[in-house]
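A structural walkthrough
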Amino acid sequence: MSQLLFRLSKLSSRNNVLIHKSVRLFSTSPYLTLGSVGEDLPGEGGGYIGDILLFDPAKEELVTVRDKTIPEELVNSKLVGASHGWTFFSDRCNHNSVRISDLFNPLASKSNTKIIPLPLLTTMIYGQTDVVWNVAMSSSSPHQDNEEEDCVVAINFLGNQLSMCRLGRDLGWTNKQIPFVCSENSNLMYSKRDQRFYLPAPGGNYLCSYDLHFDNDPMFNELVFLNLPELPQSEWELLNSCFKEDHWVESPSGQSFLVKWYSQVPSQRYKEPLLMVFREDEETEEGTRNMCYTEDIGDLCIFLSKSDPFCVVASSCPGLKPNSIYLMGRCFAVYDLTTRTAHHFKPPKDGPERVPFLPYWLPPFST
């Protein structure tokens, strides 16, 4: 694997460097959810007062949001997803009962934690709603009184069920049978540019997508990979023996990337990961998308976890590493595309000894 990393580091990218002329500074860095610590003090309207724990990857330190009201509805719930900084909770007694909350937003009200109930989930034939794989939303404003734009929520379950609903308008879910079995190899995401939900198909050679009109069938785009790195056959075989995840991600300017994340099997948290990034070059009239291998995404950094993947302009959050990918899952690290090396984060001091769920990256927040 080390020889493979060395060979890839020697490759030069023929792609243009992405330039961001104007940068909006955020009030916070992206954060990783670590959990909450209760103080057994009663909160307003039930629940209790507690501390919210986050990890700041820019400073590599624990961030504690103190004296946050944790509503009673969330006390007996488990965190099952995150999108646009909002977190999704499933009731432990009834997994079909799901809510959205701004609990982990460090800039949100401490005493008035927002909760948005969703319609009860329904199970399709040959589907299941017990295990949520990941979620995605079409808007960062899921408020039911939002008249400017609809917010569509999509939940991807382990298996082949995709459930979608329009907040504040739909009384139930529209269930779709995905034409392949979804596993931990790919994550659902929403493209603001195309106004579609995307899901890489197993193998990463096709891109499945759904629009915001629930009546339409899914669309498939073939991905054609160009400018592949020149590697010996033995090293391609090594890659083929790795566990692979495919993540489709979109930059703030609308540029799309496919990130292939390889992990050695069996997975060990401090094993060096290997990532390949392909930038969308063009979409042909036949519907295929040409993807060019690149080692330079400019002033961007990509965040991958079980939440929907997102992309941030590094200079908008001081301390973030440009041309890097922040990882949470099979490893907890930041991967430098220039050097092809990973810096593994250490568990934050004074952090929880055990996180009761797989942490999620949250995008930066602004006031």
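All of these numbers come straight from a predicted model, not from anything done at the bench.

Attention now moves to the overall build of the chain. Scanning the chain for helices and strands turns up 3 helices and 25 strands. The proportion of buried residues among the 367 residues of the chain is 56%. Partitioning the contacts of the chain with sequence separation of at least 6, the portion at a separation of at least 24 is 56%. Summing over all exposed atoms, the chain offers an accessible surface of approximately 16900 Å²; the carbon and sulfur share of this is 47%.

If you trace the 4 strands from one edge of the open sheet to the other, you get 8-9-10-11, paired in antiparallel fashion. On the outer flanks of this sheet lie strand 8 (132-137) and strand 11 (174-182), each paired with one strand and no other. Ignoring strand direction, the axes of neighbouring strands in this sheet form an average angle of 20 degrees.

Okay, the side chain of T129 next. One can find T129 in the loop between strand 7 (115-117) and strand 8. A distance of 3.3 Å separates polar atoms of two side chains, one belonging to T129 and the other to H95. Apart from the residues lying within four places of it in its own chain, the contact partners of T129 are H95, N96, L121, T122, T123, F157 and Q161.

Below, the discussion takes up the pattern of salt bridges. Per the stated rule, a full pass over the model turns up 12 salt bridges. The salt bridge involving K244 is made with D246; its shortest N-O contact spans 2.8 Å. Both residues of the pair, K244 and D246, count as buried. Between E245 and R330 there is a salt bridge; the shortest N-O distance is 4.0 Å. You can see E245 sitting in strand 16 (residues 243-250) and its partner R330 sitting in the loop between strand 22 (324-328) and strand 23 (332-336), a full 85 residues away along the chain.

Here 8 strands make up an open sheet; going across it, the order is 12-13-14-15-19-18-17-16 and the pairing mixed. In this open sheet, the two edge strands, each paired with only one partner strand, are strand 12 (189-191) and strand 16. Put simply, the sheet's adjacent strands are angled 35 degrees from each other on average, direction ignored. Examined bridge by bridge, strand 14 (residues 206-211) and strand 15 (residues 219-226) share 4 bridges and lie antiparallel to one another. Considered in strand 15, the bridge of L207 is made with N221.

Definitions and cut-offs
- Sequence order sets the numbering: in each chain, residues are counted from 1 along the sequence as written.
- A pLDDT threshold of at least 70 governs which residues receive local features in this predicted model, and a stricter bar of 80 or more applies before side-chain atom pairs are shown or counted, although totals over entire chains, interfaces and linings include all residues.
- Computation of side-chain values: all heavy atoms of the structure, hydrogens and water removed.
- To qualify as a helix, a DSSP run of H or I must reach at least 4 residues; to qualify as a strand, a run of E must reach at least 2; elements of each kind are numbered from the N terminus.
- When a residue's accessible area, from a 1.4 Å probe over protein chains only, is under 20% of the maximum for its type it is buried; when over 50% it is exposed; and in between it is partly exposed.
- A contact between two residues is defined here by any heavy atoms of the two lying within 4.5 Å.
- Methods summary: accessible areas were calculated by the Shrake-Rupley approach with a probe of 1.4 Å, and residue burial reflects only the protein chains presented.
- We treat two strands as partners when DSSP finds at least two bridges between them.
- Only the stretch in contact is used when fitting a helix axis, every axis being a line fitted to C-alpha atoms; angles between N-to-C directions are given from 0 to 180 degrees.
- Nitrogen and oxygen atoms within 3.5 Å of one another constitute a polar contact, given that in protein one can donate a hydrogen and the other can accept it, and given that sequence-neighbouring residues count only through two side-chain atoms.
- Salt bridge, as applied in this entry: a Lys or Arg side-chain nitrogen positioned within 4 Å of an Asp or Glu carboxyl oxygen.

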